[in-house]
Amino acid sequence: MPVQSALDEQLRRDVLRIGRADVVVGIPSFRNAATIGHVAQMAARGLRERFAGSRVAIVNADGGSGDGTADRVREGATGVPVAAGRYAGPSGKGSAFRAIFEAAGLLGARACAVVDADLRSITPEWIARLAGPVVRDEADYVTPLYARHKHDGTITNTIAYPLTRALYGLRVRQPIGGEFGFRADLARTFLAEPVWEGDVARFGIDIFMTTTALAREARVVQAFLGAKVHDPKDPAADLGPMFTQVVGTLLRLAARYEEAWAPVVGSRPARVVGDVAPVEPEAIPADPARLRAKFAATRHEHERRWAEVLSAAVPATLDPDAWARIVFDFLAAALRDPDSCERLAAALLPLYYLRVADLLDAARDLSTAETEGIIELGALAMEREKRLRAAAGFAARSRG
Ligand SMILES: Nc1nc2c(ncn2[C@@H]2O[C@H](COP(=O)(O)OP(=O)(O)OP(=O)(O)O)[C@@H](O)[C@H]2O)c(=O)[nH]1
Ligand SMILES: [Mg+2]
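Rules used in this analysis
- One numbering rule holds for all chains: residues counted from 1, following each sequence as written.
- Written order determines the labels here, with chains lettered from A and ligands numbered from 1.
- It should be noted that, the model being predicted, local features are given only for residues of pLDDT at least 70 and side-chain atom pairs only at 80 or more, the latter also being counted only at that level, while totals for whole chains, interfaces and linings use all residues.
- The basis for the side-chain values is all heavy atoms of the structure; hydrogens and waters are excluded.
- Any N, O or S atom lying within 2.8 Å of the metal counts as a donor, with the limit raised to 3.2 Å for Na, K and Ca; because water is left out of the atom set, some sites can appear incomplete.
- Helix and strand assignments follow DSSP, with helices taken as H or I runs no shorter than four residues and strands as E runs no shorter than two, numbered in order from the N terminus.
- The nonpolar core is taken to be a set of buried Ala, Val, Leu, Ile, Met, Phe, Trp, Tyr and Cys residues, with the residues joined through side-chain atoms within 4.5 Å.
- For each residue, the accessible area found with a 1.4 Å probe, counting protein chains only, is set against the maximum for its type, and the residue is called buried under 20%, exposed over 50%, and partly exposed in between.
- As used throughout, domain bounds are those supplied by an automatic or database domain assignment.
- In what follows, residue pairs with any heavy atoms lying within 4.5 Å of each other are defined as contacts.
- Nearness here has a simple test: a residue counts as near a molecule or strand if at least one of its heavy atoms is within 4 Å of that partner.
- Two N or O atoms count as a polar contact when they lie within 3.5 Å, although within protein this holds only if one can serve as hydrogen donor and the other as acceptor, and sequence-adjacent residues are included solely when both atoms are side-chain atoms.
- Only the protein chains shown count as cover for residues, and the accessible areas themselves come from Shrake-Rupley with a 1.4 Å probe.
- Throughout, the ten residues Ala, Val, Leu, Ile, Met, Phe, Trp, Tyr, Cys and Pro are labelled nonpolar, Asp, Glu, Lys and Arg are labelled charged, and all others, Gly among them, are labelled polar.
- Any two strands with at least two DSSP-identified bridges between them are counted as paired.
- Orientation is described by lines fitted to C-alpha atoms, with helices fitted over the stretch in contact, and by angles between N-to-C directions that extend from 0 to 180 degrees.
- Think of a 1 Å grid over the protein atoms and nothing else: a 1.4 Å probe that fits but is trapped marks a cavity, an open set flanked by protein within 12 Å on at least five of seven lines marks a pocket, and residues with an atom within 4 Å of a point count as lining.
- Grid points are joined across faces, edges and corners, and a volume is the space filled by probe spheres set on the points.
- Orient the strands so they point away from the viewer, and a crossover whose first-strand-to-second-strand path over the helix runs clockwise is right-handed.
- When a carboxyl oxygen of Asp or Glu lies within 4 Å of a side-chain nitrogen of Lys or Arg, that pair is called a salt bridge.

Draft legend 1. Spatial organisation of the coordination of the magnesium ion (ligand 2). Of the protein atoms, only Asp-118 (OD) and His-230 (ND1) coordinate the magnesium ion (ligand 2), at distances of 2.2 to 2.3 Å. Within this pair, whereas Asp-118 is found in the loop between β4 (111-114) and α5 (124-135), its partner His-230 is found in the loop between β8 (220-227) and α9 (235-256), the two being separated by 112 residues in sequence.

Draft legend 2. Expanded view of the nonpolar core. Within the largest apolar cluster, 98 residues are counted, with the highest numbers of intra-cluster contacts made by Phe-101, Phe-182, Met-209, Trp-323 and Phe-330. Mapping this core onto the domain boundaries places at least three of its residues in each of domain 1 (9-143 + 172-237) and domain 2 (144-171 + 238-400). Each residue touching Phe-330, except ones within four places of it in the same chain, is listed here: Leu-251, Trp-306, Val-309, Leu-310, Leu-344, Ala-347, Leu-348 and Leu-351. Among the nonpolar cores identified, the runner-up in size contains 36 residues, and Ile-36, Val-56, Leu-119 and Trp-126 belong to it.

Draft legend 3. Representation of the site of ligand 1. In the vicinity of ligand 1 lie 20 residues, with Ser-29, Asn-32, Tyr-87, Ala-117 and Asp-118 positioned nearest. At 2.8 Å, a side-chain N or O of Asp-118 approaches an oxygen atom of ligand 1. At 3.0 Å, a side-chain N or O of His-230 approaches an oxygen atom of ligand 1. For ligand 1, whose unbound accessible area comes to 630 Å², protein coverage reaches 85%. Breaking the shell around ligand 1 down by element, the ones donating at least two residues are β1 (23-29), β2 (56-62), α4 (93-106) and α9. Broken down by class, the residue content of the shell around ligand 1 amounts to 9 nonpolar, 5 polar and 6 charged.

Draft legend 4. Broad picture of the sheet that holds strand β3 (residues 82-86). Spatially, the 8 strands line up as an open sheet ordered β3-β2-β1-β4-β7-β5-β8-β10, and their pairing is mixed. Looking along the sheet, the strands with just one partner apiece sit at the ends: β3 and β10 (272-273). Where β4 meets strand β7 (residues 180-183), 4 bridges bridge the pair, whose relative direction is antiparallel. Bridge assignment links Ala-113 to a residue of β7, and that residue is Gly-181. Its contacts with the sheet place α5 against β1, β4, β5 (141-147), β7, β8 and β10, and it is angled at close to 170° to β8.

Draft legend 5. Up close: the layout of surface pockets. As a volume, the second largest pocket reaches approximately 370 Å³. Lining the second largest pocket are 20 residues, and of these Tyr-146, Ala-147, Arg-148, Thr-368 and Glu-372 lie nearest its centre. Those elements that place two or more of their residues in the lining of the second largest pocket are β5 and α14 (368-390). With 5 residues, the single largest contributor to the lining of the second largest pocket is α14. In terms of residue class, the lining of the second largest pocket is built from 10 nonpolar, 5 polar and 5 charged. Mapping the lining of the second largest pocket onto the domain boundaries places at least three of its residues in each of domain 1 (9-143 + 172-237) and domain 2 (144-171 + 238-400).

Draft legend 6. Representation of the pairing of β1 in the model. Among the 7 residues in β1, 7 count as buried, and that is most of the element. Burial along β1 is two-sided: Val-23, Val-25, Ile-27 and Ser-29 and Val-24, Gly-26 and Pro-28, pointing in opposite directions, are all buried. Direction of pairing for β1 relative to β2: parallel, over a ladder of 7 bridges. Residue pairing across strands places Val-24 opposite Ala-57, the latter belonging to β2. You can see the chain leave β1, run along helix α2 (residues 33-50) and come back into β2, and the turn it takes is right-handed. In this sheet, β4 lies alongside β1 in parallel orientation, the contact comprising 4 bridges.

Draft legend 7. Spotlight on the pattern of salt bridges. Under the counting rule described, the total for this entry stands at 35 salt bridges. Among the salt bridges present, the one from Glu-372 reaches Arg-173, with a minimum N-O distance of 2.6 Å. Of this pair, Glu-372 sits in helix α14 while Arg-173 sits in the loop between β6 (170-171) and β7, placing them 199 residues apart in sequence. Exposure remark for Glu-372: the relative accessible area of 36% places this residue in the partly exposed category. Under the relative-accessibility criterion, Arg-173 is labelled buried at 10%. Note that Arg-389 is salt-bridged to Glu-385, the shortest N-O span being 2.9 Å. Remark: Glu-385 and Arg-389 occur in helix α14; sequence separation between them is 4 residues, near one turn of the helix. Among the residues examined, Arg-389 registers a relative accessible area of 3% and is labelled buried. In this structure Glu-385 comes out as buried when scored by relative accessible area, which is 5%.

Draft legend 8. Spotlight on empty space enclosed by the protein. A full pass over the atoms with the stated rule returns 4 cavities of 30 Å³ or more. By volume, the largest cavity amounts to about 70 Å³. As for the largest cavity, its lining consists of Asn-157, Thr-158, Pro-162, Pro-320, Trp-323, Arg-355, Leu-359, Ile-374, Ile-375, Gly-378, Ala-379 and Met-382. Of the residues forming the lining of the largest cavity, the biggest block, 5 residues, is contributed by α14. Residue classes in the lining of the largest cavity are distributed as 8 nonpolar, 3 polar and 1 charged. Considering only enclosed or pocket space, the second largest cavity measures out at about 60 Å³ in volume.

On their own, these measurements won't tell you what the molecule is for.
Here's what the structure looks like:
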């Protein structure tokens, strides 16, 4: 249990009133009144229709929206008890999850699913696929698998997926997808980690959960969910803070779990629950020129650190091999000094802009499915880079 509760009074009261639930759906929110009613409605239907006979509940942990978000949840969740209130702790999705973990523990839940509050494409089946494998004791941790537009998920495609795959050896395609299922035991493990004041309290939460599950050898499966349609973000405008939170957390955990991943060579596929049907995701605009401009505008701030970290000069374009070398140089620096992970992630950001620009150019005339082939090449490059470095030791300053 955490030293300080992550539940505010209202949330705790609601949870205690509900008493017990075997299957819990958690929804983190911050100003999602326009969309969360639908999410609650689909979650309630999924729980009622697909877990009939189990005690179920919905927990909404909110960041202090003041826009009626909690009312929309209570209205939407017909026939399912709702606990809704604010979480305590730093503002962010991770703090909301921490409150959901704590609530699931108090409710004595066996399985929990979490879904974002801005989802438009969620159906009751999502709840069945996320929580079902855990309820049936076929899995400890369930990640989402969806068709995403080739311009969406750039943090996933450039680093979260390929690096997590190369390190821990499992091909979890959406390690930071936002929707998850997990055993309550695992939620207890998450809660016990001393991470709740930093980036994990914000958008580092997803990579923290997935990495913790992988490093502790939980049984991980992927749930096919069709397409993810949610409130869109402009990749050039919004992704900076999210990148540093996700990548800072990824590097820090890599330092912590080196013993778990160092011996892993290559990777194996992760099991998929549910039929994978072809889906055409909504198009997302992207502008490589703008990303290159951001790279050019911010590189000078970081060149000193690059000189310390990188084993070669930054090439004009970042192909999969060049990018894999850079990422493993940063990983090596993180292993040498785990307390520098946030600063390292910030220094990697301009290089990520450049890598995304190159990826967008390479995918310009390709379909979403064909782009997947490019992502695969990127992942294989990371696996190769890991093999090259293993002999010298992963923290070595540069390759001999
Ligand atoms: N409680 C709380 N929830 C948050 C906060 N920030 C985000 N969330 C929730 O976390 C979920 C995901 O947030 P989004 O902003 O949709 O982020 P995302 O979909 O992962 O990011 P993109 O893929 O870039 O669109 C949503 O349910 C948000 O309401 C916050 O500060 N507090
Ligand atoms: Mg979203």
